Amino acid sequence: MKEKFIKILLFICLSISLLADETDNYTFSKTKIADSSQLINEKFNEYLQKGIDDANLLNRGNNKKVLYKSLKKYITDKASKDSIITDLYKDKNIDMININKSDSIYKNWTLKEGLSLGRKNTFIGSVINFSDVQIGVDKLEHMFRTGGILFNALDRGWEFNHVLKLSYFMERWLLGGNRIGASIISYGDLAANFNGIRLWNDLLGNYPDPLGREIKPYIVFKDNLWYLENQVDLRNYIDESFNERINNSIFSHKSSIKKFKKNVNKAKEEGIVENVGYSENKEIMDNLILKYGEYSKNIINSN
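Nothing here was measured: the structure is a model prediction, and the numbers come from that model.

A.B. asks: Teacher, can you tell me more about the overall build of the protein here?
C.D. replies: Assigned secondary structure in the protein consists of 11 helices and 8 strands. A compact globule built from 303 residues would reach a C-alpha radius of gyration of about 19 Å, and the protein, at 19 Å, matches this within 12%. Considered along the principal axes of its C-alpha atoms, the protein spans approximately 65 × 40 × 40 Å. Here the protein holds 303 residues, and the buried ones make up 54% of them. Summarising the internal contacts of the protein: among those between residues at least 6 apart in sequence, 73% fall at separations of at least 24. Between the centroid of the 44 positive side chains of the protein and the centroid of its 39 negative side chains there is a distance of 7 Å.

This is the structure in structure tokens:
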């Protein structure tokens, strides 16, 4: 069973690796963006309710596998016309900056640095303001989708530390960290994955929260039906660790490191960006390290 799960996981990750977006939290870091957290919270709970309604229509009792499958249709399926990610991109009420590669911090990335990001007109992930934290929309996708995949491993009996190793393996070899992608290993992605595991776990309250937070399950089963008993507030899962300007990425190839450092230094000189990385965001980063405790080494770049 474990071997079958890994094969399915590899197929999923290889399938989405060519579609993986990279975020630029540098170029428009000083641009004011309206806070969309309330609207996104409302949408997330609406789509949760749709999934719950579908699961109840199947009349399979408290079978959590049926519930999770119904939820994922609306929460993780980027290709679906009726999913939260599709909705976010379409909703004109969400203040969102779409970045052209030619304007981005990765503007001179070539096929040598990564086949996906190296293409001339490749897509750079859009950025939004979530409760005064600038994040890429791709971080929501990581939290919802990759977090869901990783939670499945936890739910199948994997030890939590092994799940975190799987998260890194996916980021390094199957998503942005390889040359098919962008040669970028994003700690922001790893933080989103980690909090995605927490989010999926909290839906039913299956296991203790790794950060020790005690809350009632969001979804409960009573009178032979699933109910969304408590509204989800995504602010409990999203913080500055998602912002790649603060929680810097690392790069898997020397040419990528050289270009990135040069581009950031030039952007600083031009006044486009400031406060990059741990040393220039020490108070924020130290608070994140304190928050995540023993797991900070897995999701926070303190170098």
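A.B. asks: Sorry, what's going on with unusual backbone geometry here?
C.D. replies: With the exception of glycine, most residues fall at negative phi, and the peptide bonds are largely trans. With a phi angle near 55 degrees, S131 is a residue other than glycine that sits in the positive phi range. Mapped onto the secondary structure, S131 falls in the loop between β3 (123-130) and β4 (133-136). Despite not being glycine, S183 shows a phi value in the positive range, around 65 degrees. Residue classification places S183 among the buried residues on the basis of a relative accessible area of 0%.

A.B. asks: Even after reading the chapter, I still don't get the environment of G212, so can you show me in this structure?
C.D. replies: Residue placement: G212 occurs in the loop between α7 (187-204) and β6 (219-222). Taking C-alpha positions, G212 is 18 Å from A192, a pair spaced 20 residues apart along the chain.

A.B. asks: Would you mind showing me how to read helix α5 (residues 137-155) here?
C.D. replies: Given 3.6 residues to a turn, an α-helix orients residues that are three or four positions apart in the same direction. Spanning 19 residues, α5 covers 26 Å between terminal C-alpha atoms, matching the ideal 27 Å at 1.5 Å per step. Along α5, the sharpest kink reaches roughly 35 degrees, centred on G147. Taking burial as the measure, the 19 residues of α5 include 16 buried ones, the bulk of the element. Downstream of α5 by one or two residues, G157 has phi in the positive range, about 105 degrees.

A.B. asks: Which parts of the structure should I look at to understand the packing of aromatic side chains?
C.D. replies: Per the counting criterion, the structure on display carries 15 aromatic pairs. When the ring of Y68 is compared with that of W200, the centres are 6.1 Å apart and the planes differ by 70 degrees; the resulting orientation is edge-to-face. Separated by 132 residues along the polypeptide, Y68 in helix α3 (residues 64-75) and W200 in helix α7 bring together distant segments of the chain. Y68 sits in the buried class, given a relative accessible area of 5%. For the ring pair F194 and Y292, a centre distance of 5.6 Å and an interplane angle of 85 degrees mean the geometry is edge-to-face. With F194 in helix α7 and Y292 in helix α10 (residues 282-292), this residue pair connects regions lying 98 residues apart in the sequence.

A.B. asks: Just to check I follow, could you spell out a positive patch on the surface for this structure?
C.D. replies: A cluster of basic side chains, namely K107, K112, R179, K258, K262 and K266, defines a positive patch on the protein surface. Within the secondary structure, K258 sits in helix α8 (residues 254-269). A relative accessible area of 68% means that K258 is categorised as exposed.

A.B. asks: So what exactly am I meant to see when it comes to the pattern of salt bridges here?
C.D. replies: Side chains that carry opposite charge are capable of pairing whenever their charged atoms lie near each other. Under the defined criterion, the tally for this structure stands at 18 salt bridges. Among the salt bridges present, the one from D189 reaches K139, with a minimum N-O distance of 2.9 Å. Residue D189 is located in helix α7, and its partner K139 is located in helix α5; the two are separated by 50 residues in the primary sequence. The exposure class assigned to K139 is buried, which follows from its relative accessible area of 0%.

A.B. asks: It is not clear to me how α10 should be interpreted in this structure. Could you clarify?
C.D. replies: Buried residues of α10: M285, L288 and Y292, and no others. Looking straight down α10, one finds that the buried residues subtend no more than 55 degrees of arc, so they occupy a single side. More than 90 degrees from the buried face of α10, the exposed residues found are E283 and L290. Contacts from the buried residues of α10 go to α7, α9 (277-280) and α11 (296-299). Phi turns positive, to about 55 degrees, at G293, one or two residues after α10.

A.B. asks: So what exactly am I meant to see when it comes to empty space enclosed by the protein here?
C.D. replies: Sizing a probe to match a water molecule and rolling it over the atoms shows the empty space that remains. Enumeration according to the criterion identifies 1 cavity of 30 Å³ or more in this entry. What lines the largest cavity is simply I75, T76, K78, I85, E141, F144 and R145. Of the residues forming the lining of the largest cavity, the biggest block, 3 residues, is contributed by α5. Considering only residue class, the lining of the largest cavity consists of 3 nonpolar, 1 polar and 3 charged.

A.B. asks: What is the right way to look at the layout of surface pockets in this model?
C.D. replies: When its volume is computed, the second largest pocket comes out at roughly 350 Å³. N248, S249, F260, K261 and N303 are, among the 17 residues lining the second largest pocket, the residues nearest its centre. Residue assignment for the lining of the second largest pocket shows that the elements contributing at least two residues are β8 (250-251), α8 and α9. A total of 6 residues in the lining of the second largest pocket trace back to one element, the largest contributor, which is α8.

Thresholds, definitions, all that
- Residues numbered from 1 in each chain as written.
- Predicted model: local features only at pLDDT ≥ 70, side-chain atom pairs only at ≥ 80, totals over all residues.
- Heavy atoms only, no water.
- Helix = DSSP H or I, 4+ residues; strand = E, 2+ residues; numbered from the N terminus.
- Rg over C-alpha atoms; globule rule 2.2 N^0.38 Å.
- Buried < 20%, exposed > 50% of the residue type's maximum accessible area, 1.4 Å probe, protein only.
- Contact = heavy atoms within 4.5 Å.
- Lys, Arg positive; Asp, Glu negative; His and termini not counted.
- Charge placed at Lys NZ, Arg CZ, Asp CG, Glu CD.
- Expected span 1.5 Å × (residues − 1).
- Bend = angle between axes of the 7 residues up to and from the residue.
- Phe/Tyr/Trp six-rings, centres within 6.5 Å; stacked < 30°, edge-to-face > 60°.
- Patch = residues over 30% accessible without salt bridge, like charges linked within 9 Å, V, L, I, M, F, W, Y side chains within 5 Å.
- Areas by Shrake-Rupley, 256 points an atom, 1.4 Å probe, with all protein chains shown as cover.
- Salt bridge = Lys/Arg side-chain N within 4 Å of Asp/Glu carboxyl O.
- Arc of directions from axis to C-beta.
- 1 Å grid on protein atoms, 1.4 Å probe; cavity = no way out; pocket = protein on both sides within 12 Å on 5 of 7 lines; lining within 4 Å.
- Points joined across faces, edges and corners; volume = space filled by probe spheres on them.
- Nonpolar A, V, L, I, M, F, W, Y, C, P; charged D, E, K, R; others polar.

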